[in-house]
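Secondary and tertiary structure notes
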Amino acid sequence: MRARALLVAALLLVTAACSGGKVSPGDSVVVRAQDGNQLTIGIRFDQPGLALRTVDGRFVGFDVDVAKFVAGELGVDPAHITWHETTSATRETDLTSGAVDLIVATYSITDKRKQVVSFAGPYFETGQDLLVRLTSPDITGPETLNTRRLCSVTGSTPAQQVRDRFAQAVQLVEYPRYPDCVTALLAGQIDAVTTDAVILAGYVAQNPELLKVVGKPFSTERYGVGLRKGDTQGQAAIAKAIQKMISGGAWKDSLNRNIGPSGYPIPAPPRVTEQ
């Protein structure tokens, strides 16, 4: 009997491993939201204009507004959202471990990531760019970064893409957070910061007399709402919510309020395809 019990347990473990962490229909984020009237949503806490925790403990920004709108369409009041800080290095594990129900954190949709998690969207499109000091007019694009020091955050890929595609002699520097890169840039310890232009624009808004975005995007980034792998019911519901936010005007209103003051040009809405 003991041997049989051990065999059954082993088979269950194998079955769980082979499932790749996919959710059952009853465990969809839609069902969890309806049953519990609460969601835990992963966002960044340090991206001005997108998702920022203020000194008085509020959460503001475009990503925050998207998260609230989606939660509302799933039947969860904003007061019942638990905000969880996620980073570029922890987004996948936050989802697969169950630490969060959703992630709305400038999360670019890629084929590699779709092997681990699912996406709904996109809800925004931007491109990779460079943040530099105003006193660096000779940095005009990624191809001018050879021998210079380029910063990005741990767990992200933009800096490596610059080296692979444009400047093999660039010196890559990593910090845990983008504000660390910006501080190093202002101090002259690095020469440029790279990530998506809309993220960089938020830091320019904080230091317009010292920093600028080069304004020469060299990639296309499509932000999606991340959820657990295989949650097709959740994907469909969230895609519908995003489309409603766009068509009803709340999408553009949020961008004008949160991103507009930085001078970043507001793009046309993306075509929502669920993913």
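Please refer to the structure placed before this passage.
What comes next is a walk through the structure. (Residues numbered from 1 in each chain as written. Predicted model: local features only at pLDDT ≥ 70, side-chain atom pairs only at ≥ 80, totals over all residues. Heavy atoms only, no water.)

Let us look at the pattern of salt bridges. Summed over all chains, the structure comprises 16 salt bridges. A salt bridge links Arg177 to Asp46, with the nearest nitrogen and oxygen atoms 3.6 Å apart. Taken together, the positions of Arg177 in the loop between β10 (171–175) and α7 (178–186) and Asp46 in strand β2 (residues 46–47) put the pair 131 residues apart, joining distant regions of the chain. Residues Glu92 and Arg113 are paired through a salt bridge, measuring 3.7 Å at the closest nitrogen-oxygen approach. Taken as a pair, Glu92 in helix α4 (residues 91–96) and Arg113 in helix α5 (residues 111–114) lie far apart in primary sequence, 21 residues in all. By sharing partners, the salt bridges in this structure join Asp27, Arg32, Asp101 and Arg228 into a single network. (Salt bridge = Lys/Arg side-chain N within 4 Å of Asp/Glu carboxyl O. Helix = DSSP H or I, 4+ residues; strand = E, 2+ residues; numbered from the N terminus.)

Here is the idea: a disulfide is a covalent bond, and it sits between the sulfur atoms of two cysteines. Here the structure, examined in full by the defined rule, presents one disulfide. One disulfide in the model links Cys151 with Cys181; its S-S distance is 2.1 Å. For the disulfide bridge between Cys151 and Cys181, the dihedral angle about the S-S bond is near -65°, and by the sign convention the bridge is left-handed. Of this pair, Cys151 sits in strand β9 (residues 149–153) while Cys181 sits in helix α7; the two residues are 30 residues apart in sequence, bridging distant segments of the chain. Of the two residues examined, Cys151 and Cys181, each falls in the buried class. (Disulfide = S-S within 2.5 Å. Buried < 20%, exposed > 50% of the residue type's maximum accessible area, 1.4 Å probe, protein only.)

Another aspect to go through is the sheet that holds strand β8 (residues 128–133). The strand order β10-β9-β11-β8-β12 describes an open sheet built from five strands, whose pairing is mixed. The open sheet is flanked by β10 and β12 (211–213), the only strands paired with a single partner. Shown here is a sheet whose adjacent strand axes are inclined to one another by a mean of 30°, direction ignored. For β9 and strand β11 (residues 192–196), the ladder comprises two bridges, and the chain directions are parallel. The partner of Cys151 across the bridge, within β11, is Val193. Against the sheet, α7 engages β8, β9, β10, β11 and β12, with an angle of about 150° to β11. Strands β8, β11 and β12 of the sheet are contacted by helix α8 (residues 197–206), whose axis makes an angle of about 130° with β11. (Pairing = 2+ DSSP bridges. Axes fitted to C-alpha atoms, helices over the stretch in contact; angles between N-to-C directions. Contact = heavy atoms within 4.5 Å.)

Let's shift gears to the layout of surface pockets. The computed volume of the largest pocket comes to approximately 460 Å³. Lining the largest pocket are 23 residues; nearest its centre among them are Arg91, Ser108, Thr110, Arg113 and Thr157. Taken together, the residues of the lining of the largest pocket sort by class into five nonpolar, eleven polar and seven charged. (1 Å grid on protein atoms, 1.4 Å probe; cavity = no way out; pocket = protein on both sides within 12 Å on 5 of 7 lines; lining within 4 Å. Points joined across faces, edges and corners; volume = space filled by probe spheres on them. Nonpolar A, V, L, I, M, F, W, Y, C, P; charged D, E, K, R; others polar.)

With that settled, consider the environment of Arg58. Secondary-structure assignment places Arg58 in the loop between β3 (51–53) and β4 (59–60). At 3.0 Å, the side chain of Arg58 forms a polar contact with the side chain of Asp56. (Polar contact = N/O pair within 3.5 Å; in protein donor to acceptor, adjacent residues only side chain to side chain.)

Strand order in the open sheet formed by three strands is β2-β3-β4, and the pairing between neighbours is antiparallel. A strand with exactly one partner marks an edge of an open sheet, and here the two such strands are β2 and β4.

Relative to each other, helix α2 (residues 29–36) and helix α9 (residues 232–247) sit at 75°, their axes nearing to 7 Å. If you check the angle between α2 and α9, you find them roughly perpendicular. In this structure, α2 uses Val29, Val30 and Val31 to contact α9, whose residues at the interface are Gln233, Gly234, Ala237 and Ile238. Each residue belonging to the contact of α2 with α9 can be placed in one class, and the counts come to five nonpolar, two polar and no charged. (Parallel < 35°, antiparallel > 145°, perpendicular 65-115°, else oblique.)

Of all eight residues making up strand β13 (residues 221–228), six are buried, and the element is well covered by its neighbours. Bridge analysis of strand β7 (residues 117–126) against β13 gives seven bridges, and the strand direction is antiparallel. The residue bridging Val117 from the neighbouring strand is Arg228, located in β13.

Attention now goes to the side chain of Asp191. Within the element layout of this structure, Asp191 appears in the loop between α7 and β11. Asp191 gets classed as buried once you look at its relative accessible area, which sits at 12%. One polar contact links the side chain of Asp191 to the main-chain amide nitrogen of Arg149, over a distance of 2.8 Å. Those residues in contact with Asp191, other than ones at most four positions away along the chain, are Leu131, Val132, Arg133, Ile139, Arg148, Arg149 and Leu185.

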